Amino acid sequence: MAYFSYLFAELWHFSGIISIITCGLIQAQYVEANISFKSHTTIKYFGKMLSGTCEAVIFMFLGLNIVHDQHDWHTGFIVWSLILCFVFRFIVVFVLTFFANSIERQRKITLEEMFIMGYGGLRGAVCFSLAAMLHPSLEHRNMLNTTTITVILSTVFIQGISVKPLVRFLRIRLKSEKVLSIVEELNDTVLDHVMAGVEEITGQRGSYFIREFLGYYDHKYLRKWLQREPQNKNAHLMAIYDKIALK
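Report follows, based on the coordinates. (Residues numbered from 1 in each chain as written. Predicted model: local features only at pLDDT ≥ 70, side-chain atom pairs only at ≥ 80, totals over all residues. Heavy atoms only, no water.)

Details of the environment of Val156
With respect to the helices, strands and loops of the structure, Val156 is situated in helix α7 (residues 141-169). The class of Val156 is partly exposed, set by a relative accessible area of 30%. With 33 residues separating them along the chain, Val156 and Arg123 place their C-alpha atoms 7.2 Å apart. In this structure Val156 touches Leu122, Arg123 and Ile161, once residues within four positions along its chain are discounted. (Helix = DSSP H or I, 4+ residues; strand = E, 2+ residues; numbered from the N terminus. Buried < 20%, exposed > 50% of the residue type's maximum accessible area, 1.4 Å probe, protein only. Contact = heavy atoms within 4.5 Å.)

Structural data, given as structure tokens:
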């Protein structure tokens, strides 16, 4: 399915990477129930190993491209490329987070978090692969390759090294290792159902009603079609209980 989604996206000139990510996010809700725990663990760590290997191979080719003598350095083009990448990254982040904050959210994305999201945009394997795929007959191919390598090195080393001190300086709240609690999960589940009922009674249908509506059809139809042994609505609570019991 993942490869089919990639081929389908390439057929219509869409992003194959975004297509694979979307396919994975959708399949993750159903695939885990069709395989054993051992198979899930094996696939998980095999995927991490394969990802690390592919990344190492790409950066090995990047290193080989740095030392060859076919570079075409153009200062103006490189400087403007760096500036435009930096500026448009911030524009896209601020615009998307503005729309995200305009929706009903329990917690808004702060200005400091927006800045870190914009500053932390690192260009690496994807842009290098796209530059390497340029046709050899292209007139400015070497200049584009040199610019791409410069942008990668600048973002990876300068932004990559400085982003952690900036996170500490701006006091960005980091992800905490929260202890699993079946009481909290039960409380959240009950509140979601109650809020969905309140929205239905008042006639103001919001996010809770939409979530309840999609969850109903997911458990009634999709899980029956896509899972060998369809999970019930409380399967995630049982999984949390199992994790707590195994500690």
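Structural notes on the packing of aromatic side chains
Taken as a whole and judged by the stated rule, the model has 12 aromatic pairs. Taking the centre distance of 6.4 Å and the plane angle of 20° together, the rings of Tyr3 and Tyr6 count as stacked. Of this pair, Tyr3 and Tyr6 both sit in helix α1 (residues 2-11), 3 residues apart, which is roughly one turn of the helix. Classification of Tyr3 as exposed rests on a relative accessible area of 58%. Ring plane angle 15° and centroid distance 5.9 Å describe the contact between Phe115 and Tyr119, whose orientation is recorded as stacked. (Phe/Tyr/Trp six-rings, centres within 6.5 Å; stacked < 30°, edge-to-face > 60°.)

Quick word on the side chain of Arg141
Counting through the fold element by element, Arg141 comes out in helix α7. Residue classification places Arg141 among the buried positions, given a relative accessible area of 19%. Residues within four places of Arg141 in sequence aside, it is in contact with Ala132, Leu134, His135 and Pro136.

Focus: the side chain of Thr97
You can see Thr97 is positioned in helix α4 (residues 75-102). By relative accessible area, which is 3% here, Thr97 ends up buried. Aside from chain neighbours lying at most four places away, what touches Thr97 is Ile109, Met114 and Met117.

Topic: the packing of α4 against α7
Two elements in contact, α4 and α7, have axes whose closest approach is 10 Å; the angle formed by their N-to-C orientations is 50°. Considering their axes alone, α4 and α7 lie oblique with respect to each other. Between α4 and α7 lies a crossing of right-handed hand. Where α4 abuts α7, its residues Phe77, Ile78, Ser81, Leu82 and Phe86 lie against Met143, Leu144, Thr147, Thr150, Val151, Ser154 and Gln159. Here the residues of the contact of α4 with α7 sort into 7 nonpolar, 5 polar and no charged. (Axes fitted to C-alpha atoms, helices over the stretch in contact; angles between N-to-C directions. Parallel < 35°, antiparallel > 145°, perpendicular 65-115°, else oblique. Left-handed = near helix turned anticlockwise from the far one by under 90°. Nonpolar A, V, L, I, M, F, W, Y, C, P; charged D, E, K, R; others polar.)

Thoughts on the packing of helix α3 (residues 37-67) against helix α6 (residues 125-132)
Their axes nearest at 10 Å, the elements α3 and α6 cross at an angle of 55°. Looking at the two axes, α3 sits oblique to α6. In this structure, α3 meets α6 at a crossing whose hand is left-handed. Together, Ile58, Phe61, Leu62 and Asn65 of α3 and Ala125, Phe128 and Ser129 of α6 make up the contact between the two elements.

A few points about the environment of Gln27
You can see Gln27 is positioned in helix α2 (residues 16-31). As for Gln27 and Leu226, which are separated by 199 residues in sequence, their C-alpha atoms are 9.2 Å apart.

Details of unusual backbone geometry
Located in the positive-phi region is His13, a residue other than glycine, with phi close to 60°. Counting through the fold element by element, His13 comes out in the loop between α1 and α2. According to the relative accessible area criterion, His13 is exposed, its value standing at 73%. The residue Arg171 is not glycine, and still its phi comes out positive at about 60°. As for its placement among the helices and strands, Arg171 is situated in the loop between α7 and α8 (182-202). Relative accessible area serves as the criterion here: at 76%, Arg171 is assigned to the exposed category.

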